[in-house]
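One-letter residues, chain by chain:
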Amino acid sequence: MSARPLNVGLIGLGTVGSQVADRMLSWGSQLSRRAGVELCLKRVLVRELNKRRSVQIDPELLSTDPASVLDDPSIEVVIEVAGGDEPMRSYIEQAIQNGKHVITANKVVMAKHGPELLDLAAEKNVDVYFEAAVGGGIPLISAFRTDLQANRIERVSAVINGTTNYVLCRMASAGLAMRDAVREAQEAGYAEADPTDDVGGFDATYKLAILASIAYEIKVRPDGIYREGIEGIEPVDFRYARELGYAIKLIAHTQRHPGRIEARVHPAMIPIDHPLARVEGAENAVFVEGDLVGEVLLVGAGAGGRPTASAVVGDLIDLARSIRRGVQNRPSFSFDDRIGVVPIGEVKTRAYYRILAEDRPGVVAAVGQVFAEEGVSISSFIQKDAWSHDQTAELVVTTHPSLDASLQRARERMAQLEPVRAVSSFLRVF
Ligand SMILES: NC(=O)c1ccc[n+]([C@@H]2O[C@H](COP(=O)([O-])OP(=O)(O)OC[C@H]3O[C@@H](n4cnc5c(N)ncnc54)[C@H](OP(=O)(O)O)[C@@H]3O)[C@@H](O)[C@H]2O)c1
């Protein structure tokens with residue numbers, strides 16, 4: 001074991017940070033043995049010194065001065081588990097500029113600025129580890145960075161947001177309305193007080209940007225990814241999905257096209273026998289297809305202090321080993337920024353529509369005509385529950401693969417038809 005300890009500065013002592021600190025303090029000798037060097041928690045940056053903490057920590061270690069971590073020459077590794085864009089992007093940049101290695105769980109920073117920070121790190125001959133930024137405790141980044149290196153990654157499909165998966169599972173199993181399922185997720189600690197980031201698909205978009213960037217080694221920005229949240233889904237959609245042989249999931253999907261990639265986040269109907277359809281509760285799962293390995297499924301806890309700390313501290317051990325050996329354990333990235341994302345309108349997909357229409361002759365023909373004029377071929381067309389009290393009926397239509405632009409135009413045109421009250425639901429089908 002190396003004689004000189006490796007000093008670590010921690011930014012953040014919340015859900016994840018307290019578990020990281022706890023592991024380092026209570027399991028130090030085992031971690032140090034695995035790392036081949038003593039790991040020493042030298043300083044912890046927080047906002048409030050006097051806050052009650054869930055970890056027992058020497059108050060002397062705490063500081064509210066960023067320079068006490070970022071400018072301390074004895075600190076070689078900075079672990080950032082505070083979150084949010086600024087000031088954390090600047091802190092990470094400053095740490096790299098000062099020759100420090102960085103480990104972060106920050107998906108926002110890595111999705112928006114990852115390629116630049118990794119380029120800067122390569123220039124400064126330090127490393128940035130970010131296993132915890134996607135999929136909590138599931139070893140994803142290391143899988144791409146090491147185990148799947150021999151592959152050309154063809155596609156990645158994932159259930160990567162535990163909150164929305166919990167909500168959708170509760171809607172499916174208990175017939176809850178979205179509002180009630182979100183409230184339940186908040187009470188169970190799976191959803192934030194403001195659930196917009198999760199429910200709106202933003203969190204999944206950040207994670208997909210990171211996954212797609214490392215899978216293809218290109219710069220994929222969150223704002224280049226098509227995004228739709230789960231807000232429009234109603235309990236009845238789960239009933240129809242089940243009848244048709246599907247589950248409903250928020251899917252983050254990317255796949256390779258000649259000279260471009262596809263990248264999108266939206267709710268989708270997914271065949272009930274697909275592994276992603278069976279992802280339960282707050283779990284995450286990532287389905288990867290490589291040209292050599294074939295299909296690989298990675299499943300586990302996508303969030304939570306302990307699983308996320310597992311990824312952070314795992315990164316620390318790996319990094320510590322390479323620092324002490326003086327070698328870079330893993331290949332650095334080079335990001336091609338000439339490869340673009342296919343606009344959603346050009347993506348070919350199947351779709352499900354739930355249409356509320358007057359129950360009278362000619363409606364089915366009018367709806368069928370719109371699809372025909374848009375060149376969309378229908379896979380199934382079922383008239384559901386006719387309600388005699390207001391003479392309405394629900395039409396459930398699924399299509400064969402078509403251009404998304406045609407599917408959207410069909411949706412808009414059907415909503416304009418005189419006997420159609422509303423196109424109540426539109427979901428893509430995987
Ligand atoms: N929670 C999860 O399950 C999970 C899973 C995967 C990834 N992550 C990521 O991990 C990171 C941390 O998440 P978390 O859930 O642990 O957050 P959290 O519980 O809100 O904790 C944030 C910590 O950062 C500190 N902090 C925030 N802004 C700061 C600033 N400007 N200067 C100094 N300290 C600051 C806070 O200090 P005070 O305590 O003094 O307020 C707090 O200790 C985020 O990037 C998140 O996306 C979290």
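Residues numbered from 1 in each chain as written. Predicted model: local features only at pLDDT ≥ 70, side-chain atom pairs only at ≥ 80, totals over all residues. Heavy atoms only, no water.

### Digging into the pattern of salt bridges
Side chains that differ in sign of charge can pair as their charged atoms come close.
Right, so step 1: Within this structure, the stated rule accounts for 28 salt bridges.
Right, so step 2: Residues Arg155 and Glu289 are paired through a salt bridge, measuring 3.2 Å at the closest nitrogen-oxygen approach. Note that Arg155 is positioned in strand S7 (residues 153-159) and Glu289 in strand S11 (residues 283-290), a separation of 134 residues in sequence.
Right, so step 3: Look at Glu289 and you get partly exposed, because its relative accessible area is 23%.
Right, so step 4: Beyond isolated ion pairs, a larger network of salt bridges with shared partners links Glu234, Asp237, Arg354 and Glu394. (Salt bridge = Lys/Arg side-chain N within 4 Å of Asp/Glu carboxyl O. Helix = DSSP H or I, 4+ residues; strand = E, 2+ residues; numbered from the N terminus. Buried < 20%, exposed > 50% of the residue type's maximum accessible area, 1.4 Å probe, protein only.)

### Some remarks on the packing of aromatic side chains
Right, so step 1: With the rule as written, the count across this model stands at 3 aromatic pairs.
Right, so step 2: For the pair Tyr353 and Phe371, a centre-to-centre distance of 5.1 Å together with 75° between the ring planes defines the contact as edge-to-face. Residue Tyr353 is found in strand S14 (residues 348-358), and its partner Phe371 is found in helix H13 (residues 363-373); the two are separated by 18 residues along the sequence.
Right, so step 3: Residue classification places Phe371 among the buried residues on the basis of a relative accessible area of 0%.
Right, so step 4: When the ring of Tyr353 is compared with that of Phe426, the centres are 5.2 Å apart and the planes differ by 70°; the resulting orientation is edge-to-face. Of the two residues, Tyr353 sits in strand S14 while Phe426 sits in strand S18 (residues 420-429), which places them 73 residues apart along the sequence. Across the pair, exposure class does not vary: Tyr353 and Phe426 are buried alike.
Right, so step 5: By the ring-pair criterion, three or more aromatic residues cluster together here, those being Tyr353, Phe371 and Phe426.
Right, so step 6: Geometry around Trp27 places Arg23 over its ring, the cationic atom sitting 4.2 Å from the centre.
Right, so step 7: Of note, Arg227 hangs over the ring of Phe202, and the distance from its end group to the ring centre comes to 3.8 Å. (Phe/Tyr/Trp six-rings, centres within 6.5 Å; stacked < 30°, edge-to-face > 60°. Lys NZ or Arg CZ within 6 Å of the ring centre and 35° of its normal.)

### Section: the pairing of strand S9 (residues 246-257)
Right, so step 1: For S9, the buried fraction is high: 10 of the 12 residues fall into the buried class.
Right, so step 2: Pairing analysis gives 4 bridges linking S7 to S9, with the strands arranged antiparallel. Paired with Ala158 across the two strands is Ala252, which belongs to S9.
Right, so step 3: Connecting the antiparallel pair S9 and strand S10 (residues 260-271) is a turn made up of 2 residues, with Gly259 showing a positive phi of about 75°. (Pairing = 2+ DSSP bridges.)

### Focus on the environment of Asn98
Right, so step 1: As for its position among the elements, Asn98 is in the loop between helix H4 (88-97) and strand S5 (101-104).
Right, so step 2: Exposure remark for Asn98: the relative accessible area of 38% places this residue in the partly exposed category.
Right, so step 3: C-alpha separation for the pair Asn98 and Asp390, spaced 292 residues apart in sequence, amounts to 70 Å.
Right, so step 4: What Asn98 contacts, discounting residues up to four positions off in sequence, is Leu70 and Asp71. (Contact = heavy atoms within 4.5 Å.)

### Describing helix H2 (residues 28-35)
Three or four residues apart is the spacing at which side chains of an α-helix point the same way, because the helix has 3.6 residues per turn.
Right, so step 1: Among the residues of H2, those classed as buried are Gly28, Leu31, Ser32 and Ala35. Looking straight down H2, one finds that the buried residues subtend no more than 100° of arc, so they occupy a single side. Residues of H2 that are exposed and angled more than 90 degrees away from the buried face: Ser29 and Arg33.
Right, so step 2: If you follow the buried residues of H2, they end up packed against helix H1 (15-26), strand S2 (37-45) and helix H12 (305-325).
Right, so step 3: Residue Gly36 follows H2 closely and has a positive phi angle near 75°. (Arc of directions from axis to C-beta.)

### Quick look at unusual backbone geometry
Among all residues except glycine, the phi angle is most often negative; among peptide bonds, the trans geometry is most common.
Right, so step 1: In this chain, Glu86 is followed by Pro87 through a cis amide linkage whose omega measures 5°.
Right, so step 2: Within the fold, Pro87 resides in the loop between strand S4 (77-80) and H4.
Right, so step 3: Of note, the phi angle at Asn125 is positive, near 60°, even though the residue is not glycine.
Right, so step 4: Within the secondary structure, Asn125 is located in the loop between helix H5 (107-123) and strand S6 (128-129).
Right, so step 5: Despite not being glycine, Glu217 has its phi angle at roughly 55°, a positive value.
Right, so step 6: As for its placement among the helices and strands, Glu217 is situated in the loop between helix H10 (202-216) and strand S8 (226-227).

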